[in-house]
Amino acid sequence: MEILQKYRRARIFWPSVIFLGILLFNTIISKGEFLSITMMDGHFYGRLVDIFRNGSKLMLLAMGMTFVIASGGIDISVGSVMAISGAIACSVIRGNLFPFFQGSVFFALVLAVAAGALCGAWNGFLVSRVRIQPMVATLILMVAGRGIAQLITNGKIITVNSPSYYFINGGYILGLPFPLYLVIILFAGLLFFTKKTAFGLFLASSGINDKSSRLAGIRVENIKLLVYVFCGAAAAGAGLIESSGIKGADCNNAGLMIELDAILSVAIGGNLLTGGRFSLGASICGALIIQSITTTIYAMGVPPEVIQLVKALLVITISLIQSEKLSIKLLPAKAAAQ
Amino acid sequence: MKLKRTFSEISLLTITLALFVIMYGAGVLFYGFRISTFLNLFNDNAYLIVATTGIFFVLLTGGIDISIGSVVAFTCVFSAWLLEKGFSAGFVIPLVLLIGLAFGSLQGFLIVKFDLQPFIVTLAGLFFMRALCSVISKAAIAIKNPFYLKVALAKIRFTLGRQHPKIYFYALFAVAVVLGTAFILKFTKFGRTVYAVGGSEQSASLMGLPVKRTRVMVYGLSGFCASLGGVIYSLYTLAGYSLQNVGMELDAISSAVIGGTLLTGGVGSIFGAAIGVLIQGLIQTVVTYQNLNTWWTKVTVAALLCLFIIIQRAMSVNGEKARKNRLIKAA
Amino acid sequence: MKSGILLDMKNICKEYPGVQALDNVPFQLEAGEIHALLGENGAGKSTLIKVLTGAESLTSGAVFLNGKSVRVKNPLQAQHMGISTVYQEVNLCPNLSVSENIHIGREPRTRYGLIDWKTMESRSRELLAGFDLDIDVIRALDNYSVAVQQMVAIARSCDISARILILDEPTSSLTDTEVDKLFSVMRRLRDEGMGIIFVTHFLDQVYQVCDRITVLRNGRYICTENTKALDKVSLVGRMIGKDYSELSGSRTSREETGDKDILMDVRGLYKSGTISPLNLSLRQGEILGFGGLLGSGRSEAARVIFGADRPDGGDLSLEGEPALFKTPLEGIRAGLAFCPEERKVEGIVGELSIRDNIMLALQAKKGMTKPLDPDEVDRLTRKYIELLQIKTPDEHQTVKNLSGGNQQKVILARWLATDPRILILDEPTRGIDVGTKAEIQKIMISLADGGMSVVFISSEIDEMMRCCERMVVLKDRAVVCELSGETLTESRVMQSIAGKGE
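Parameters and conventions
- Starting from 1, residues in each chain are numbered consecutively following that chain's sequence as written.
- Chain A is the first chain written and ligand 1 is the first ligand written, with later ones labelled in order.
- The model is predicted, so local features are restricted to residues of pLDDT at least 70 and side-chain atom pairs to those at 80 or more, both for listing and for counting; the totals for chains, interfaces and linings are taken over all residues.
- To obtain the side-chain values, all non-hydrogen atoms of the structure were included, while hydrogens and water were left out.
- The start and end points of each domain follow an automatic or database-based domain assignment.
- Throughout, a contact is declared for two residues whenever any of their heavy atoms are within 4.5 Å.
- The quantity reported as buried area is the accessible area (1.4 Å probe) lost by two parts once they are put together, taken as the sum for both.
- Think of a salt bridge as a Lys or Arg side-chain nitrogen and an Asp or Glu carboxyl oxygen that are within 4 Å of each other.
- Any pair of nitrogen or oxygen atoms within 3.5 Å is treated as a polar contact; in protein, a donor-acceptor pairing is required on top of that, and neighbouring residues in sequence qualify only through side-chain atoms on both sides.
- Any two strands between which DSSP finds at least two bridges are classified as paired.
- For the purposes of this entry, the term helix denotes a DSSP run of H or I that reaches at least four residues, the term strand denotes a run of E that reaches at least two, and both are numbered from the N terminus.
- Here, axes are lines fitted to C-alpha atoms. For helices the fit covers the stretch in contact, and angles between N-to-C directions go from 0 to 180 degrees.
- Throughout, nonpolar core names a set of buried Ala, Val, Leu, Ile, Met, Phe, Trp, Tyr and Cys residues whose side chains join them through atoms within 4.5 Å.
- Using a 1.4 Å probe on the protein chains alone, a residue whose accessible area is under 20% of its type maximum counts as buried, one over 50% counts as exposed, and one in between counts as partly exposed.
- Side-chain rings of Phe, Tyr and Trp, where Trp is taken by its six-membered ring, are said to pair if the distance between their centres is within 6.5 Å; with planes under 30 degrees apart they count as stacked, over 60 as edge-to-face, and otherwise as tilted.
- A positively charged side chain is recorded as over a ring if its NZ (Lys) or CZ (Arg) lies within 6 Å of the ring centre. The angle to the ring normal must also be within 35 degrees.

Draft legend 1. Up close: the domain arrangement of chain C. Residue and element names in this part refer to chain C. Splitting chain C by domain gives domain 1 (5-246), domain 2 (262-335 + 422-502) and domain 3 (347-419). Between the C-alpha centres of domain 1 and domain 2 there is a distance of 33 Å. Across the boundary between the two partners, domain 1 contributes 17 residues, which contact 22 residues of domain 2. Where domain 1 abuts domain 2, roughly 1,800 Å² becomes buried across the two surfaces, and 57% of that area is made up of carbon and sulfur atoms. Here Lys475 ties to Asp204 by a salt bridge, and the two come within 4.0 Å at their closest N and O atoms. Run the count over domain 1 and domain 2 and you get 0 residue pairs in polar contact (both at pLDDT 80 or more).

Draft legend 2. Here's a closer look at the interface of chain A and chain B. Of the residues lining the interface, 44 residues belong to chain A; the matching set on chain B comes to 41 residues. Of the roughly 3,800 Å² buried between chain A and chain B on both sides combined, carbon and sulfur atoms contribute 82%. The largest contributions to the chain A side of the interface with chain B come from Val143, Leu151 and Glu305 of chain A, which together make up 16% of the buried area. Taken together, chain A and chain B are joined by 0 salt bridges.

Draft legend 3. Up close: the sheet that holds strand S18 (residues 453-457) of chain C. Residue and element names in this part refer to chain C. Pairing is mixed across the open sheet formed by 6 strands, whose spatial order is S16-S17-S18-S13-S19-S20. Only two strands of the sheet have a single partner each, and these edge strands are strand S16 (336-339) and strand S20 (478-484). Taken over all neighbouring pairs, the strand axes of this sheet differ in orientation by 15° on average, direction set aside. Pairing analysis gives 4 bridges linking strand S13 (residues 287-291) to S18, with the strands arranged parallel. Across the sheet, residue Ile287 finds its bridge partner in S18, namely Val454. Contacts from helix H15 (residues 404-416) reach S16 and strand S17 (422-426) within the one sheet, and its direction differs from that of S16 by about 170°.

Draft legend 4. A look at the nonpolar core. Judged by nonpolar contacts, the single largest core of 350 residues is most densely connected at Leu278, Phe290, Ile305 and Leu423 of chain C. Residue contributions to this core peak at 15 residues, all from helix H3 (residues 35-60) of chain B. For Leu278 of chain C, the residues in contact, after removing those within four places along its chain, are Val266, Arg267, Gly268, Leu269, Ala301, Val304, Ile305, Leu474 and Val479 of chain C. In this structure, Met9, Leu22, Leu37 and Ile83 of chain C belong to the second largest nonpolar core, which totals 27 residues.

Draft legend 5. Geometry of the environment of Lys298 of chain B. Tracing the chain through its elements places Lys298 of chain B in helix H14 (residues 295-330). Lys298 of chain B gets classed as partly exposed once you look at its relative accessible area, which sits at 25%. In sequence terms Lys298 of chain B and Val218 of chain B are 80 residues apart; their C-alpha atoms lie 28 Å from each other. If near-sequence neighbours (up to four positions away) are discounted, Lys298 of chain B is found in contact with Val143, Ala144 and Gly147 of chain A together with Asp251 of chain B.

Draft legend 6. View of the environment of Cys90 of chain A. Residue and element names in this part refer to chain A. Residue position: Cys90 is located in helix H5 (residues 78-94). Judged by its relative accessible area of 0%, Cys90 falls in the buried class. Put simply, Cys90 and Phe125 are 35 residues apart on the chain and 28 Å apart in space, counted from C-alpha to C-alpha. If near-sequence neighbours (up to four positions away) are discounted, Cys90 is found in contact with Ile158, Val160, Tyr165, Ser243, Gly248 and Ala249.

Draft legend 7. Geometry of the pattern of salt bridges. Residues and elements named next belong to chain C. In this structure the tally under the stated criterion is 31 salt bridges over all chains. Linking Glu482 and Arg470 is a salt bridge whose minimum nitrogen-to-oxygen distance equals 2.4 Å. Placement of the pair is Glu482 in strand S20 and Arg470 in strand S19 (residues 470-475), with a sequence separation of 12 residues. Taking the relative accessible area as the measure of exposure, Glu482 reaches 42% and is therefore partly exposed. Arg470 gets classed as buried once you look at its relative accessible area, which sits at 1%. Three or more residues joined by partner-sharing salt bridges are found here, namely Asp204, Lys232, Lys475 and Asp476.

Draft legend 8. Layout of the packing of aromatic side chains. Summed over the entire model, instances satisfying the criterion amount to 31 aromatic pairs over all chains. Ring geometry for Phe183 of chain C against Phe198 of chain C: centres 6.0 Å apart, planes inclined by 90°, an arrangement best described as edge-to-face. Here Phe183 of chain C, found in helix H6 (residues 176-191), pairs with Phe198 of chain C, found in strand S8 (residues 195-199); they are 15 residues apart in sequence, far enough to count as distant. Assessed through its relative accessible area of 0%, Phe198 of chain C is described here as buried. Here a set of aromatic residues connected by ring pairs shows up, and it is made of Phe20, Tyr24, Tyr31, Phe33, Phe38, Phe42 and Tyr289 of chain B. Over the ring of Tyr166 of chain A we find Lys247 of chain A; its NZ or CZ atom is 4.6 Å from the centre of that ring. Of note, Lys186 of chain B hangs over the ring of Trp117 of chain C, and the distance from its end group to the ring centre comes to 3.8 Å.

Here is the structure:
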């Protein structure tokens, strides 16, 4: 009972209820077919599995973005970083880059993620040391990133022929799609990290009031640097999944406009866009909501472009809910109490 | 001390202008740029100049509008669709301009009234308009309206020796928009209020200026200019396609920054922003001449962007230091 | 040339939730006078000015302007009534030109309705010439010093025919020559019949330029006197809560014991532009006061010692070991703790719970990778909630919903949890109710009795005298004297602050 109470108060409560609601809605309109999961060649197939597989990129990004937003910042360069990471991985595997490691998927992955982290470090450096506003600082890489990716691939859409690389998106372990494991491992790792260290507390504190946090002994600059590095690495991971999915690197379209979805996931998860307390699980729920809405809209036979309309309305609704001004107007009593 | 002061006094506009002249000069020397190269910068970027003008107002107040690329696309698609349905240009053009104005004003209203972040609101706007594009038509629609065809091809040709450079009417129109904007910003109360709001919103309202109204208006203007840019773009391409101009807002913002606009608001010149567009066009031209990967354009633009942002930051830090130095003298 | 009462404020009350910021305060301003409004932190001067300019509405009371009752709704309306304010942080647009700043909102127009820049600039030049200011009016305001910016702001006020000019700490960032220039302008405006309210914490300046003085303390009206009739020492007495006549040589209630070991020794510690080289020592288990008025350098001294501001040079030793703190974390690890003056800006982390706020510094001290045991945190939280009597239903309430006094206690708890050797408290009792004030003083004394060394900064001499064994007095960003034992009396403190300590 007490656990239930705690759950109801948690940030993840509403997003998870909404997610389940969407699933339920789908089940009803599809007369149960939605939930059906079939087993073929030892793999599970079904809409639900698709949601988790297709949503895995967004879930990774949402985790990185959650940290950045909690620190009071924003990172609009994640889509470009995805393009860079895919370009690097594919070029390495084909041997265009570091011919010595040609075909080494492992090295390709390490290099791609390292490149993502490096991009993040650049963003973090501009934000925490040069003290440029986060949106402006990450704008630079957002503009440059796709260009850099194109230069790596020499402006071509390159394809790779490597089953082990395909495995990142298309593979199965114990019947479940591989990218889901990536999400789960990262999520568990982060949960462990935030539970076993005081990182979460320091991050929230820095995002709410960086002056107080500094005086209390928190190294605010380092915390901020770290979240951008992590966000960059997470974006690189998402880029690898995407690139593996299309079996190559398409720098023009990889992760195009996905930064907006990532920010939206964090917001739908009920995390304040102004920074502070955060919930990773809630952001992941937010990502799943976006993904399941997409799936629903496809399933209902509605033209997919409507998804963006829905997203637009969602963004406005959520901002209005979070807006203090509106709540003062609607709930004067509550405002007065504060 | 003296040196520092003179440095901060060199306006960013001068740097931008010098950059353009040097780049163009180098182009003349190494690639044999002609008059037509120069005029084509206007012909090819007229729509971007107009759209940048709109976002420039917003940036001056310290806000941001990332919906303009979608608004441009919507304008093209919607007008192409209406024209295809047989509506006259005299009906379509005012209608799309009105929609742009109304849409921008609505965004501004939400931002100002409910104190929402401009980035988030215009992000929703971006999604919304892009979705409307695809709802109208996913396929590209060609424009065959006679009026559009006529206007699209209207141009002035010069004869300079063996060269025959030409400039299209819509490019001249873009120049007119820039001049008009410069005039509004310099000589009207609205224009000065825009600068004042960007300098210090609090001071501006203490001095009795209509801060809120002005902030809503700049978003309205931004939407209006974006749809105007859209009309020019549909003249330029004679088509409307739902996936065109993705990321155009970035080009516009980078142009403004390279043109010396401070993203924190209050400082910037419309001529600088327009030159910023031309610089991007020049980079594109050089990249084409050199037969380089076109993506060098983006990378170069980003490098310039980074350079200008860091110069701006250094200037404001210098300003703080100078003020502090005076304090020390006082102590 | 006095010509009657310009402004008459009667029985002004202003209540914030839980705090009576102004309690029945009267204030009168005559035409053709410079009237100093004085008081320490939390005295209510800025609230009074906010009420007068319409930035805050008054709870009760009446304002008469030229004998007519008025209700000022906002600063803009105040300007229309002829009340202009010039703040230390100049309220103009730094990016606009000087002449525009003077004229914006009421620019001269050409006959086509456009802004007439030529007329605007020539008018500005004329206007500024009247202020003996020969500057290029076309350049952006940003290019000029704060002094010039203030002068421009004053010129603007005069040009919109202000009759009352409020100068809110205008001189804090001016050089001596700039101050002289400002004063000559003030005198000229006074002679033209304007009423000027001058808020400052430089007493010398009050005596240079002001005709009358009104003193507020703790939201209450203390007195209004002619400057000539009030000497500096008794003025300081009124500001910090004692009449010179009644205090004579009263001694501190705490005994000073000279044989305690020296815990911290500061030699020549400085930060340019902030604090001149400091020399002082702190003994084991004593409460050392940093005396001085606001802006004297008392807070700045505390900040460089703790590492909140990075010192430029000098030496600091703890128990003989050299230690200099470049960041707060280094200070904390060495056993220092610091409650800053601005509780809301630099103290609390508003959206976090009481529990998180309390554990923050201890956790930072231990390091991010070694999280505290939750049970231990619960125990500590409960211990301090009880010990400091923090009034809250439970420890999971967010701190921003607490009252000022309870917020202060949470910050105190945060530092006590780190088990510090040296506790620096900068205005811990500011803006909180009397009962809580007494509690915090008691806690401080018992901590010192338990062996902790405390540095205490306060604007109220009463509580300083009650708590401190020794006191260093600062003035103009430097230590002017050190008082202890027989020499630590209220009159000596006041004389030192007023600049007659030698």
